[in-house]
Amino acid sequence: MKLSSVNYYLDWPVSIKLKNLREFIITNLEKKGDLIRWSIVDIENSIDPFGTKKLKIKAVIAN
């Protein structure tokens, strides 16, 4: 088993409510491999007119 640390950027659309954010993040990160742990490192407001936010996530993934 190989562990890798990944910095991942993810757009957080307005349609995803805060209580569903965890599930949204995990679903997207599991596409990269088996998820061991993750954390949100930064949240930035986007300049687009839709109000999306950009999440910076640090994750450890097993391949």
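Residues numbered from 1 in each chain as written. Predicted model: local features only at pLDDT ≥ 70, side-chain atom pairs only at ≥ 80, totals over all residues. Heavy atoms only, no water.

1. Structural notes on the overall build of the chain
In terms of helices and strands, the chain carries one helix and three strands. The linear arrangement of helices and strands in the chain, starting from the amino end, is β-α-β-β. Total accessible area on the chain stands at roughly 4700 Å², and carbon and sulfur atoms take up 53% of it. Side-chain charges of the chain comprise 11 positive and 7 negative groups, with the mean position of each set lying 3 Å from the other. (Helix = DSSP H or I, 4+ residues; strand = E, 2+ residues; numbered from the N terminus. Areas by Shrake-Rupley, 256 points an atom, 1.4 Å probe, with all protein chains shown as cover. Lys, Arg positive; Asp, Glu negative; His and termini not counted. Charge placed at Lys NZ, Arg CZ, Asp CG, Glu CD.)

2. Some remarks on the pairing of strand β3 (residues 53-62)
Note: strand β1 (residues 3-12) against β3, ten bridges, orientation antiparallel. Across the sheet, Leu 10 pairs through a bridge with Leu 55, a residue of β3. Sheet topology note: the strand β2 (residues 34-45)/β3 ladder contains ten bridges and is antiparallel. Pairing of Leu 35 across the sheet is with Ile 61, part of β3. (Pairing = 2+ DSSP bridges.)

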